[in-house]
Amino acid sequence: MTATDTARQVPRVLFVVGKGGVGRSTVATALALDFAARGERVLLVEWTVTEVISPWFGKPAVAPGFTPVPLAPRLFVMNYELRAVLKSYFVEHLGLDVFYRRVIEGAAVQRLIEAAPGLAELLFIGQLWWLTTLAENEAGLRFDRIVVDAPATGHAVSLLDLPAAMETFGASGLLALEVGRIGQMMKDPKWTGAVVVSLPEALVAEETGELVPRVAKDLGRPPLAVFVNRSARGLVRPDADTAWLAALSPPPRPGTRDSLELLQRELSARVAHEAALRTAMAGQTRDGVVSLPEQLALIGARPPLEVVQALAPAVRAWLSGAEAP
Amino acid sequence: MTVRLHVMLGAGGVGKTTLSAGYALALAREGRSVGLLGIDPARRLQGALGLTLPDLEVPVPGVPNLSAALLRAEDCLRRWAAEACPDAETRERLLANSFFRALADRFAGATDFLAAVRVAEWIERHPGLTDLVVDTAPGFNAIEFLRRPEHVSAFLEGSLVTWLRWMTKEGGALGGLVRAGARRVLGALSRIGGTRLLMDMAEFVTLVEGVFTRMAARLAAAQTLMRGPGTSLHVVTAVRHDAAQSVAQLVDALATLKLAPSSVIINRAVAPTLGADVAQLDVGAVPPEVRAVITYAQAFGELQAQLVRAASAPGRTVLVVPAALGLDESARLDALEALGRHLLPLRR
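Residues numbered from 1 in each chain as written. Chains lettered and ligands numbered in written order. Predicted model: local features only at pLDDT ≥ 70, side-chain atom pairs only at ≥ 80, totals over all residues. Heavy atoms only, no water.

The subject of this paragraph is the overall build of chain A. Each helix and strand in chain A was counted, giving 14 helices and 8 strands. Buried residues in chain A amount to 56% of all 325 residues. Long-range contacts, defined as pairs at least 24 residues apart, comprise 74% of the intrachain contacts of chain A with a sequence gap of at least 6. (Helix = DSSP H or I, 4+ residues; strand = E, 2+ residues; numbered from the N terminus. Buried < 20%, exposed > 50% of the residue type's maximum accessible area, 1.4 Å probe, protein only. Contact = heavy atoms within 4.5 Å.)

Structure below.
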């Protein structure tokens, strides 16, 4: 089916889930780049007001719509937008172009559609399915892999929970067919999977502890892995004390001394939070917890793409089933 | 008197919630009558304030003049539904409607709308309030309600909704007496979604009208307030590699709405002397198990200096809030207030 020689089975559509600020786009891009490097045609999907990944590649942000834009060899990006997808869904997929022009395009229906709960999410998932199946024949678009930079926590879970949520509407007709089809795909581990991105910080780790079981419940199986971004494992000994600060010569100014102590405590705390997260996550994911090491030298001046590229060894190790480097 | 609104914007994880609480506390201790609207369900804020925060504001014990509330989507919608429904039976029907339930779920992610409506509700309820500090959802979501003001109210306009309302009021099912235009549209929609979906939708439209009308009025009031002279927008950031980019994006997004932040707050900063002092250190004297701290300090100091330069602009205050030893472990009222005092130069 794909050119990938990964030892781990990774589904065709991979949702990268996590709260804002954890580095979800960074991890999604690192995964997408690795798939592309293996020879796959990869689509990176964002769903946002301002698309962020293209500028890392020196390209303008992709406007919301339904056009895959090339970013790098075999790597494309798309920024989901409800109206563009709605049109493609009715016109290209259902063949209801007259209906679309007469009814759906009307201002009143457009507003109702924006307000209709779950519809944007349903069409989002439906579109992902279309992209991996019929799009090759219908629109000449072929992708081996789709990586979804899933919108912030609450939203992402409602995406994965969609078939169940839609059933409460008691829909019949075409919508019900679509819900049923999408439900089947979400249940298929070859088709859909999720990874959760976290940080070694108290609050984020706590939310991850709640998010992982919710994703497991919504999908009916555990997420593939938890990625701990900005991991400080191996950087500092968590039990190291701060006595060395008093022994420095020349003695640093008080502000500097306090700042050094804070930074040391922060790195140690990251190690401790990650250890706690690993304990809490034991048995809750398919492949366990993957550390993405902090690149201290990259904090600051470098463009974000370098940070993405620095994650490549850890991402590759996970995909090939090896132990972390 | 006009309420001064202090809106904290910023990416996730930069400390908006803690800063908002500290700022509200510091303002209240100065004698102002202050409200704090939190949106982050983080237990830490509640622990620091020493109470469990309900959706409807309560006084914070030990701090005269300070009330606080935590935005809870479901509680808000229930309260507003109760306000707008004429009787208990209508309310129960609304709360049981599948569209309303789905909408309540959906609204959990639309905290910007709810927060805006809550702000207006708060001011209605407390005429003596002088300052309201509002924590917001991370990133651009926080200002989405300004970008698409039609989102809530537009729902009730247009002929489709009129037809749906007529359908339930006349008690008619699909077909039969439906006017020609309505029949075509409703028939097509039922082909897609089924008649039960349509009936549920129609009932929902009828029931929810009052709730939405009230919400839309409050939303409009909040929008006027947001653009008024009493409102200050503060963009909060931490010293992170993506900070300059996310501040710039947020400022740009505000600019498209013809708004500008009055300040950029750089939170959890290190001492400005750090970079220069660390450059003088004899790294050989640093134990190997903590040598990464020195590398980290150099990179952090450099990043912070870059961020201050990037955030500076005419007419804007760049405020550097130093990280405090001990705040994270024991986020008690006094520590919170000490943090919040750093923000007092921003008050008007």
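Once you've had a look at it, read on.
Glancing now at the packing of aromatic side chains. Residues and elements named next belong to chain A. Taken as a whole and judged by the stated rule, the model has 3 aromatic pairs over all chains. Seen in terms of ring centroids, Phe-76 and Phe-143 are 5.6 Å apart; in terms of plane orientation they differ by 70°. Their pairing is edge-to-face. Placement of the pair is Phe-76 in strand 4 (residues 75-79) and Phe-143 in the loop between helix 7 (135-139) and strand 5 (145-149), with a sequence separation of 67 residues. Phe-143 carries the same exposure label as Phe-76, and that label is buried. (Phe/Tyr/Trp six-rings, centres within 6.5 Å; stacked < 30°, edge-to-face > 60°.)

All names here are of chain A. Pairing within the open sheet is mixed, and its 8 strands lie in the order 3-4-2-5-1-6-7-8. Each of the sheet's edge strands pairs with one partner strand only, and the pair in question is strand 3 (69-72) and strand 8 (289-293). Sheet twist, expressed as the average angle between the axes of neighbouring strands with direction ignored, equals 25°. In terms of strand pairing, strand 1 (residues 13-17) meets strand 6 (residues 192-198) through 5 bridges, oriented parallel. When the bridges of strand 6 are listed, Val-17 appears paired with Val-196. Across the sheet, helix 12 (residues 254-281) lies against strand 6, strand 7 (225-231) and strand 8, angled at about 175° from strand 7, the strand it touches most. With respect to the sheet, helix 14 (residues 312-319) is in contact with strand 6, strand 7 and strand 8, its orientation differing from that of strand 8 by roughly 160°. (Pairing = 2+ DSSP bridges. Axes fitted to C-alpha atoms, helices over the stretch in contact; angles between N-to-C directions.)

Counted according to the given criterion, the structure contains 32 salt bridges over all chains. In this structure, Asp-149 of chain A and Arg-24 of chain A form a salt bridge, with 2.8 Å as the shortest nitrogen-oxygen distance. Highlighted residues: Asp-149 of chain A in strand 5 and Arg-24 of chain A in helix 1 (residues 24-37), separated in sequence by 125 residues. One exposure class covers both Asp-149 of chain A and Arg-24 of chain A, and it is buried. The residue Arg-218 of chain B makes a salt bridge to Glu-124 of chain B at a minimum N-O spacing of 3.0 Å. One end of the pair, Arg-218 of chain B, is in helix 11 (residues 195-226); the other, Glu-124 of chain B, is in helix 6 (residues 111-125), with 94 residues separating them in the sequence. Residue classification places Arg-218 of chain B among the buried positions, given a relative accessible area of 4%. The class for Glu-124 of chain B is partly exposed, based on a relative accessible area of 46%. Through salt bridges that share partners, Asp-55, Glu-57, Arg-79, Arg-118, Glu-121 and Arg-125 of chain B make up one connected network. (Salt bridge = Lys/Arg side-chain N within 4 Å of Asp/Glu carboxyl O.)

Here we come to the sheet that holds strand 8 (residues 317-322) of chain B. Two strands in a sheet stick together by hydrogen bonds in their backbones, pointing the same way (parallel) or opposite ways (antiparallel). Residue and element names in this part refer to chain B. Reading across from one edge, 3-4-2-5-1-6-7-8 is the order of the 8 strands in this open sheet, with mixed pairing throughout. A single partner strand is all that each edge strand has here, and the edge strands are strand 3 (58-59) and strand 8. In this structure, strand 1 (residues 4-10) lies alongside strand 5 (residues 131-135), joined through 5 bridges in parallel fashion. Looking at the pairing, Arg-4 lines up with Asp-131 of strand 5. Sheet strands in contact with helix 12 (residues 243-256) are strand 1, strand 6 (231-238) and strand 7 (263-269), and its direction is about 160° off that of strand 6.

Take helix 6 of chain B next. All names here are of chain B. Along its 15 residues, helix 6 runs 20 Å from first to last C-alpha, staying within 8% of the 21 Å computed at 1.5 Å per residue. Within helix 6, 12 of the 15 residues are buried, which leaves it mostly tucked inside the rest of the structure. Looking only at helix 6, the buried set comprises Thr-111, Asp-112, Phe-113, Leu-114, Ala-115, Ala-116, Val-117, Arg-118, Val-119, Ala-120, Glu-121 and Trp-122. (Expected span 1.5 Å × (residues − 1).)

What follows deals with the confidence of the model for chain B. Residues and elements named next belong to chain B. Per-residue confidence for chain B gives a mean pLDDT of 80, with 74% of residues at or over 70. Element-level mean pLDDT values for chain B span from 54 in helix 8 (residues 150-153) up to 95 in strand 7. Contacts for the low-pLDDT stretch residues 171-179, under 50 throughout, to residues beyond four places or in other chains number 14 contacts. Overall fold confidence (pTM) sits at 0.79, and the ipTM for the predicted complex is 0.79. (pLDDT = per-residue confidence, 0-100.)

Another point: the packing of helix 1 (residues 16-29) of chain B against helix 15 (residues 333-341) of chain B. Residues and elements named next belong to chain B. The interhelical angle for the contact between helix 1 and helix 15, taken along N-to-C directions, is 90°, at an axis separation of 7 Å. Overall, the two elements helix 1 and helix 15 adopt an arrangement that is roughly perpendicular. Together, Thr-18, Leu-19, Ala-21, Gly-22, Tyr-23, Leu-25, Ala-26 and Arg-29 of helix 1 and Leu-333, Asp-334, Leu-336, Glu-337, Leu-339, Gly-340 and Arg-341 of helix 15 make up the contact between the two elements. For the contact of helix 1 with helix 15, a count of residues per class yields 8 nonpolar, 3 polar and 4 charged. (Parallel < 35°, antiparallel > 145°, perpendicular 65-115°, else oblique. Nonpolar A, V, L, I, M, F, W, Y, C, P; charged D, E, K, R; others polar.)

A few words on the packing of helix 1 of chain A against helix 14 of chain A. Residues and elements named next belong to chain A. Direction vectors running N to C along helix 1 and helix 14 enclose 65°, while the axes themselves pass 10 Å from each other. In this structure, the crossing between helix 1 and helix 14 has a hand that is right-handed. In contact with Ala-30, Leu-31, Asp-34, Phe-35 and Ala-37 of helix 1, helix 14 contributes Ala-312, Val-315, Arg-316, Trp-318 and Leu-319. When the residues that make up the contact of helix 1 with helix 14 are grouped by side-chain class, the tally is 8 nonpolar, no polar and 2 charged. (Left-handed = near helix turned anticlockwise from the far one by under 90°.)

Turning to the environment of Val-226 of chain A, a few remarks are in order. Residues and elements named next belong to chain A. Secondary-structure assignment places Val-226 in strand 7. Separated by 18 residues in the primary sequence, Val-226 and Thr-208 have C-alpha atoms spaced 8.6 Å apart. Discounting residues that sit within four places of it in the chain, Val-226 has contacts with Val-196, Ser-198, Thr-208, Val-212, Leu-277, Met-281, Thr-285, Gly-288, Val-289 and Val-290.

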